[in-house]
Amino acid sequence: MSKITDQFEMILKEKQIPLAKKVIDNGQTLYNGKFQITKQQALPFGIVFDTGEGIIDYQIVYHQLAFVSDFNKKAAVLEGLNELNELRSGYYRVCMGGDGEIYMRLLSRTSTDVQPLYEMLVTGSTIAKAVIPHIEAVINPTKSE
């Protein structure tokens, strides 16, 4: 383990946040978990740390914010996501995958002072919760009227 992931795990333990840890094929470290959005909905997320010491890259991804099933709406959905990225997503970017999954991600760098990373993780869950209704309105405009 690196000093950075050790520090991150210390914060997780202190905050009592259980995350599943896995070292993936390229040596990067992946943590998976879920934030509870509502009583019925949990938001899966993952954090990937690059290998190395000193200053390293990391990525936080909140999965399954929504799904696009009608690809005839793809252009309109992408336009709506661009607007969300300009106005509401902060440091995060809302994206659409090739399979129609809408997810939100942050790419950044950290050192052994991982407190800002933890704060970005918590802030991301708040942002995701706030943008989900806007994403749903973009995907299903008639339901929001």
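This one's a predicted model, so the numbers in the text were calculated from it and none came from an experiment.

Undergrad: Outline the sheet that holds strand E2 (residues 29-36), supporting the account with residue identities and numerical values.
TA: Reading across from one edge, E1-E2-E3-E4-E6-E5 is the order of the 6 strands in this open sheet, with antiparallel pairing throughout. In this open sheet, the two edge strands, each paired with only one partner strand, are strand E1 (20-23) and strand E5 (93-96). Here the average twist between neighbouring strands, direction ignored, is 25 degrees. Looking at chain direction, E2 and strand E3 (residues 42-49) are connected through 8 bridges and run antiparallel. When the bridges of E3 are listed, Leu 30 appears paired with Val 48.

Undergrad: Run through the nonpolar core, naming residues and quoting values.
TA: Ranked by size, the top nonpolar core spans 39 residues in total, and within it Tyr 62, Leu 65, Ile 102 and Ile 135 carry the most contacts. Elements that contribute at least two residues to this core include exactly helix H1 (3-15), E2, E3, strand E4 (56-67), helix H2 (74-87), E5, strand E6 (101-110) and helix H3 (115-139). Ranked by residues supplied to this core, first place goes to H3 with 10 residues. Sequence-distant contacts of Ile 135, that is, excluding residues within four places in its chain, are made with Leu 65, Ala 66, Leu 81, Leu 84, Val 94 and Ile 102.

Undergrad: Kindly report on the pattern of salt bridges, identifying the contributing residues and their values.
TA: Opposite charge on two side chains lets them pair, provided their charged atoms get close. Counted according to the given criterion, the structure contains 3 salt bridges. One salt bridge in this structure joins Glu 9 and Lys 21, with 2.9 Å as the shortest N-O distance. Residue Glu 9 is located in helix H1, and its partner Lys 21 is located in strand E1; the two are separated by 12 residues in the primary sequence. Under the relative-accessibility criterion, Glu 9 is labelled partly exposed at 23%. We note a salt bridge from Lys 15 to Glu 14, for which the minimum N-O separation is 4.0 Å. For Glu 14, a relative accessible area of 60% puts it in the exposed group.

Undergrad: Tell me about the packing of aromatic side chains, and please be specific about residues and values.
TA: On inspection of all chains with the given rule, the structure shows 8 aromatic pairs. An aromatic cluster of three or more residues is present, and its members are Phe 8, Tyr 31, Phe 49 and Tyr 58.

Undergrad: Tell me about the packing of H2 against H3, and please be specific about residues and values.
TA: With their axes 9 Å apart at the nearest point, H2 and H3 run at an angle of 155 degrees to one another. One finds that H2 runs roughly antiparallel with respect to H3. Crossing of H2 against H3: the hand is right-handed. Across the interface between the two elements, Ala 76, Val 77, Gly 80, Leu 81 and Leu 84 of H2 pack against Val 131, His 134, Ile 135, Val 138 and Ile 139 of H3.

Undergrad: A description of the pairing of E4 should follow, citing residues and the corresponding values.
TA: Pairing geometry for E3 and E4, over 5 bridges, is antiparallel. Its bridge partner being in E4, Val 48 is matched across the sheet by Gln 59. Count of turn residues in the E3/E4 antiparallel hairpin: 6 residues, of which Gly 52 carries a positive phi of about 120 degrees. Here 9 bridges tie E4 to E6, and the two strands are oriented antiparallel to one another. Bridge pairing in E6 places Gln 59 opposite Leu 107.

Cut-offs and rules
Residues numbered from 1 in each chain as written. Predicted model: local features only at pLDDT ≥ 70, side-chain atom pairs only at ≥ 80, totals over all residues. Heavy atoms only, no water. Pairing = 2+ DSSP bridges. Helix = DSSP H or I, 4+ residues; strand = E, 2+ residues; numbered from the N terminus. Axes fitted to C-alpha atoms, helices over the stretch in contact; angles between N-to-C directions. Core = buried A, V, L, I, M, F, W, Y, C linked by side-chain atoms within 4.5 Å. Buried < 20%, exposed > 50% of the residue type's maximum accessible area, 1.4 Å probe, protein only. Contact = heavy atoms within 4.5 Å. Salt bridge = Lys/Arg side-chain N within 4 Å of Asp/Glu carboxyl O. Phe/Tyr/Trp six-rings, centres within 6.5 Å; stacked < 30°, edge-to-face > 60°. Parallel < 35°, antiparallel > 145°, perpendicular 65-115°, else oblique. Left-handed = near helix turned anticlockwise from the far one by under 90°.

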